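As a plain string of letters, each chain reads:
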Amino acid sequence: MKIALINGSPKVNNSASGVILEDLKYYISEKAEILDIDFHKSVVSEEQLKILNSAEAWVFAYPLYVDGIPSHLLSCLVQLEKARLQNHNIHIYGIVNCGFYEGIQAEFALKILQNWCIKAGFTWGGGIGIGGGGCLSMMPKTKYGQGPKAPIHKALELITDKIIRHETQENNYVSVAFPRFLYKMAAEMGWRQLIKYNGGKAKDLKKQWK
Amino acid sequence: MKLIITDIKDFNIPIQEEHKIISPQGDIRNCIGCFGCWVKTPGKCVIHDGYEETGIDMSKCTEMILISECCYGSVSPFVKAVQDRALSYIHPDFVIRKGEMHHKRRYENVISISAYFYGDNITETEKETARNIIEANADNYCGLVKNVQFYKTVKELEDITL
Ligand SMILES: Cc1cc2nc3c(=O)[nH]c(=O)nc-3n(C[C@H](O)[C@H](O)[C@H](O)COP(=O)(O)O)c2cc1C
């Protein structure tokens, strides 16, 4: 069985989506052949279409952008709908990570992918909404199923089972196992460090243009 | 000021009040997720292609009107690119509102959002998704939803009053 893992973050390096897909591979790799696909830009290449057409399941991992799907990925979906691939037995799964703490905030970004499945003629297999995605690319590697990523790993393990069996699951919403107030504090400290690193001051974060 | 963001290139629906229209005049680049609009040039996007100041435009408007093809319950890639590139309308710090995490305001203006979607085969589920997303946008901008409507064609849209 071939499974395409699609990274839908516009970031080429250090994306949370990339971390999530790497972790998913830990669960999937022994059970299926993995095809890595990057959708960092708004166009799907012929080569990518060919690879995608050979897979039985596609797993999209992407960030939540303004309550929906990043614009470049939306362009890819429009293109894929028009491409009318021959292989219509494909199951589609979505894993959306968001900067906010609550995974449920990714609900409508999963719904867009589900709606797209109907228009493009694919089968929706369900998804995961992950809250607290902002810290995933900075976290050191932990043992699978332990530490702050434990709830994410559990959700990935569950969805792996569904993907392998060609089954559909209800969307599953999780957050990093890290208190919300600490996540908020860490993020806010992070913005202050970054702006200083760029030669600015912490107070510039609240700059208002007239 | 009314801020209109539309994917219709030759947009010519009359608007009574002071307004600004953002429509496809030249290619738009997509957000690259760098957060430069928060930590390099706070308030402005770092990509210079003519679409970098929507966050500022939003701070000057009382009403934001999205006029877009409906793509699976989302606005179209162009309108979404404009929205993604305007992340800096809000401040990077978090606040908890109604038990959920959102961002702090950068500006004081309260935006009321209207959305006019078009498309010849918008399903009921897509309409529901679209309404939900506009509501979520209003929560995140700390604004309000004024109106969400659906049309079959761009032609039908010509009868709306903005
Ligand atoms: C333009 C833009 C819009 C975003 N909108 C949201 C949002 O509406 N809700 C949210 O929780 N996070 C939002 N985020 C945060 C991202 O979802 C978060 O940083 C995520 O971890 C990025 O994933 P990636 O590294 O896989 O791209 C936004 C980020 C950007 C750049």
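Structure: above.
Calculation notes
Residues numbered from 1 in each chain as written. Chains lettered and ligands numbered in written order. Predicted model: local features only at pLDDT ≥ 70, side-chain atom pairs only at ≥ 80, totals over all residues. Heavy atoms only, no water. Pairing = 2+ DSSP bridges. Helix = DSSP H or I, 4+ residues; strand = E, 2+ residues; numbered from the N terminus. Right-handed = clockwise from strand over helix to strand, strands pointing away. Contact = heavy atoms within 4.5 Å. Buried area = accessible area lost by both parts, 1.4 Å probe. Salt bridge = Lys/Arg side-chain N within 4 Å of Asp/Glu carboxyl O. Polar contact = N/O pair within 3.5 Å; in protein donor to acceptor, adjacent residues only side chain to side chain. Nonpolar A, V, L, I, M, F, W, Y, C, P; charged D, E, K, R; others polar. Phe/Tyr/Trp six-rings, centres within 6.5 Å; stacked < 30°, edge-to-face > 60°. Buried < 20%, exposed > 50% of the residue type's maximum accessible area, 1.4 Å probe, protein only.

Bringing the pairing of strand E6 (residues 172–175) of chain A into the picture now. All names here are of chain A. Note that strand E5 (residues 123–131) and E6 share 4 bridges and pair parallel. Across the sheet, the residue bridging to Ile-128 is Asn-172, located in E6. One crossover worth recording links E5 to the parallel E6 by way of helix H5 (residues 150–165), and it is left-handed.

Taken together, the contact between chain B and chain A spans 51 residues of the former and 45 residues of the latter. Interface area, chain B with chain A, both sides summed: about 4100 Å², of which 61% is carbon and sulfur. Across the pair Glu-126 of chain B and Lys-119 of chain A runs a salt bridge, and its minimum N-O distance is 2.8 Å. In this structure, the connection of chain B to chain A is made through 25 residue pairs in polar contact (both at pLDDT 80 or more). Looking at the side of chain B that touches chain A, the elements with two or more residues in it are helix H1 (36–39), helix H2 (54–59), helix H3 (77–84), strand E4 (90–97), strand E5 (100–105) and helix H4 (124–141) of chain B. In terms of residue count, H4 of chain B provides more of the side of chain B that touches chain A than any other element does, 9 residues in total. Across the side of chain B that touches chain A, the residue classes break down as 22 nonpolar, 19 polar and 10 charged.

The final tally for this structure, using the stated rule, is 20 aromatic pairs over all chains. Both rings, one in Trp-116 of chain A and one in Phe-122 of chain A, keep their centres 5.3 Å apart while their planes meet at 45°; by these two values the pair is tilted. For Trp-116 of chain A, a relative accessible area of 0% translates into the label buried. Residue Phe-122 of chain A is classed as buried on the basis of its relative accessible area, which comes to 7%. A ring pair is formed by Phe-117 of chain B and Phe-150 of chain B, whose centres lie 5.4 Å apart and whose planes are at 15°; its orientation type is stacked. Placement of Phe-117 of chain B in strand E6 (residues 112–118) and of Phe-150 of chain B in strand E7 (residues 144–151) is noted, with a sequence separation of 33 residues between them. Each of the two residues, Phe-117 of chain B as well as Phe-150 of chain B, counts as buried.

Limitation: the analysis is restricted to geometry and does not speak to function.
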